[in-house]
Amino acid sequence: MTYPDVPLPGPSPDQEALFEGAAVTYARHRPGLPDAAVRLLADTLRCRPSPVLLDLGTGTGQVPLALLSAGAVLTHIEAVDVSPQMLHQARQALTPVLSHCTLTLVHAAADAYEPLATLPGEPDSGPDLITFCRSYHWMNGEAVLEMADRVAAPGAALAIMGDGSLWTHPAGWTRALRELIQHYLGPARRAGVFGSYTEPSSRFEEDLAASAWSDVTQHRIRVARTWTPDSVLGYLRTTSFAGAELFGDDHAAFEADARALLTTQAGERPLVENAVFTVLLARRRRGAR
Ligand SMILES: C[S@@+](CC[C@H](N)C(=O)[O-])C[C@H]1O[C@@H](n2cnc3c(N)ncnc32)[C@H](O)[C@@H]1O
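Note that residues are indexed from 1 along each chain, following the sequence as it is written. This being a predicted model, a pLDDT of at least 70 is required before a residue's local features are given, and a value of 80 or more before pairs of side-chain atoms are given or counted; all residues contribute to the totals for chains, interfaces and linings.

Draft legend 1. Quick look at the overall build of the chain. Secondary structure elements follow DSSP: runs of H or I of four or more residues count as helices, runs of E of two or more count as strands, with numbering from the N terminus. A count of helical and extended segments in the chain gives 11 helices and 8 strands. Any residue surrounded by 20 or more other C-beta atoms within 10 Å of its C-beta is treated as buried, while 12 or fewer makes it exposed and the intermediate range makes it partly exposed; C-beta atoms here are placed from the backbone. By residue count, 41% of the 289 residues in the chain fall in the buried class. Once C-beta atoms have been placed from the backbone, residue pairs whose C-beta atoms lie within 7 Å are recorded as contacts. Expressed as a percentage of contacts within the chain between residues at least 6 apart in sequence, the contacts between residues at least 24 apart total 85%.

What follows is the structure, given as structure tokens:
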């Protein structure tokens with residue numbers, strides 16, 4: 001089920017448009033979650049009687065998909081996103097693996113989320129695990145952490161996680177690629193067709209420390225990914241900093257240049273990204289709900 005027919009207050013047309021072009025290729029070209037991160041999330045659900053997941057900025061449903069594929073028992077999933085195209089892809093990805101788990105797709109900005117119906121579990125209870133994967137930085141942090149405190153079940157966990165991007169990665173080949181993108185689009189990192197990326201004003205840890213979710217452990221998971229020129233080009237099309245729509249008529253020329261650059265770089269050594277996937281796993285302070 002997807003609700004509401006009219007979006008809840010929050011997603012502006014700009015926010016919606018930022019990711020809509022990427023939705024179709026996103027599931028194919030975006031790296032998934034490392035197994036160690038999935039185990040960490042699954043562990044938070046053990047001993048919960050009817051585990052409910054609330055995934056904010058679900059995109060194509062990578063978090064619920066990884067949990068269900070790893071055998072985690074979930075009774076219900078609320079998957080929230082500002083992009084209807086992303087939600088459509090999430091439904092396609094999740095439907096085959098849901099089994100007895102129910103799914104609600106919510107078209108809303110995360111901070112405006114509220115459950116439409118009573119969720120499974122104890123009366124007045126809520127999600128047992130709330131996740132933000134590569135999505136928290138797009139949101140109003142303070143508002144979204146307040147909302148999470150309002151809706152989460154007692155004893156729930158909340159995870160903010162992500163792993164940077166090929167824009168931020170400091171290898172020689174990613175630096176050369178970034179310079180090529182800047183040659184076409186200008187020096188600032190773009191954030192869709194409407195503007196440029198602004199670094200979050202505070203670190204996620206600071207946001208958590210100032211919120212109800214101040215009992216935090218940090219987990220840094222090393223992941224080595226090997227890319228090919230084709231997989232990099234596919235990935236770039238899904239990003240807000242090098243999506244096709246940013247280049248206008250120059251996109252084919254950009255891709256030809258990028259392919260030549262990546263093929264030369266790959267001839268010297270494999271295109272490896274040594275990423276660190278960071279999970280900030282938070283709970284409410286002892287004694288709080
Ligand atoms: C980089 S994608 C990450 C998707 C997915 N969590 C993953 O790890 O593959 C960010 C997602 O957050 C969504 N998004 C951005 N701002 C949002 C907001 N304020 N509320 C809800 N979703 C938002 C975008 O539409 C996009 O699907």
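Having seen it, we continue.
Draft legend 2. Structural view of the pairing of strand β5 (residues 129-133). Most of β5 sits inside the fold, with 5 of its 5 residues counted as buried. Where burial is concerned, the two faces of β5 agree: the one with L129, T131 and C133 and the one with I130 and F132 are both buried. We treat two strands as partners when DSSP finds at least two bridges between them. Of the pairings in the sheet, the one linking strand β2 (residues 52-56) to β5 comprises 4 bridges and is parallel in character. Note that in β5 the partner of D55 across the bridge is T131. Where β5 meets strand β6 (residues 157-162), 5 bridges bridge the pair, whose relative direction is parallel. Bridging across to β6, T131 finds its partner in A159.

Draft legend 3. Molecular detail of helix α11 (residues 251-268). How far a helix is expected to stretch is found by multiplying one less than its residue total by 1.5 Å. With 18 residues, α11 should cover 26 Å at 1.5 Å per step; its first-to-last C-alpha distance of 26 Å lies within 8% of that length. The set of residues buried in α11 consists of F254, A258 and L262. Down the axis of α11, the buried side of the element spans an arc of 55°, and every buried residue falls inside it. Exposed positions of α11 whose direction lies more than 90 degrees from the buried face are A252, A253, A256, A260, T263, T264 and G267. Buried residues along α11 sit in contact with α7 (172-185), α9 (229-237), α10 (244-247) and β8 (271-283). By arc we mean the arc of the directions from the helix axis to the C-beta atoms, nothing more.

Draft legend 4. Examining the site of the ligand more closely. For each residue, a C-beta position is placed from the backbone atoms; the residue is near a molecule or strand when that point lies within 6 Å of it. Taken together, 21 residues sit near the ligand, with G57, G59, A110, C133 and W138 positioned nearest. Elements that contribute at least two residues to the shell around the ligand include exactly α1 (13-20), α4 (62-69) and β3 (76-81). All amino acids are sorted into three groups, where Ala, Val, Leu, Ile, Met, Phe, Trp, Tyr, Cys and Pro are nonpolar, Asp, Glu, Lys and Arg are charged, and the leftover types, Gly among them, are polar. Here the residues of the shell around the ligand are counted per class, giving 11 nonpolar, 7 polar and 3 charged.

Draft legend 5. Region of interest: the nonpolar core. Formed by 57 residues in total, the largest nonpolar core has its most connected members in A79, I130, A148, L158, A159, M161 and L280. When residues in this core are grouped by element, the largest group, 6 residues, is from β8. Once you skip the residues sitting within four places of it in the chain, A159 turns out to touch L41, T131, V279, L280 and L281. Here, a nonpolar core denotes buried Ala, Val, Leu, Ile, Met, Phe, Trp, Tyr and Cys residues that are linked to one another through C-beta atoms within 7 Å. Core analysis: the next-biggest nonpolar cluster, separate from the first, contains 15 residues, L236, A258, L262 and L271 among them.

Draft legend 6. Main features of unusual backbone geometry. Phi angles above zero are rare outside glycine, and C47 is one such case at about 70°. Mapping C47 onto the fold places it in the loop between α3 (35-45) and β2. Of note in the backbone geometry, R134 takes a positive phi value of approximately 55° without being a glycine. Mapped onto the elements, R134 comes out in the loop between β5 and α6 (141-151).

Draft legend 7. Spatial organisation of the packing of α9 against α11. Whenever a helix is involved, its axis is fitted only over the stretch in contact; in every case the axis is a line through C-alpha atoms, and angles between N-to-C directions fall within 0 to 180 degrees. At a minimum axis distance of 9 Å, the contact between α9 and α11 shows a crossing angle of 140°. As summarised for this structure, α9 and α11 are arranged oblique, according to the angle between their axes. Viewed along their axes, α9 and α11 form a crossing whose handedness is right-handed. Here P229, V232 and L233 of α9 come into contact with α11, specifically with E255, A258, R259, L262, T263 and A266. Class assignment of the residues belonging to the contact of α9 with α11 gives a composition of 6 nonpolar, 1 polar and 2 charged. Each angle gets one of four labels, with under 35 degrees taken as roughly parallel, over 145 as roughly antiparallel, 65 to 115 as roughly perpendicular, and the rest as oblique. The hand of a helix crossing depends on one turn: near helix anticlockwise from the far one by less than a right angle means left-handed, and clockwise means right-handed.

Draft legend 8. Main features of the packing of α7 against α11. Where α7 contacts α11, the two axes come as close as 10 Å, and the packing angle between them is 165°. By the angle class used here, α7 and α11 are roughly antiparallel. The interaxial crossing formed by α7 with α11 has right-handed handedness. Contact residues: α7 offers W173, A176, L177, L180 and Y184, while α11 offers F254, D257, A258, L261, L262 and Q265. Residues that form the contact of α7 with α11 fall into these classes: 9 nonpolar, 1 polar and 1 charged.

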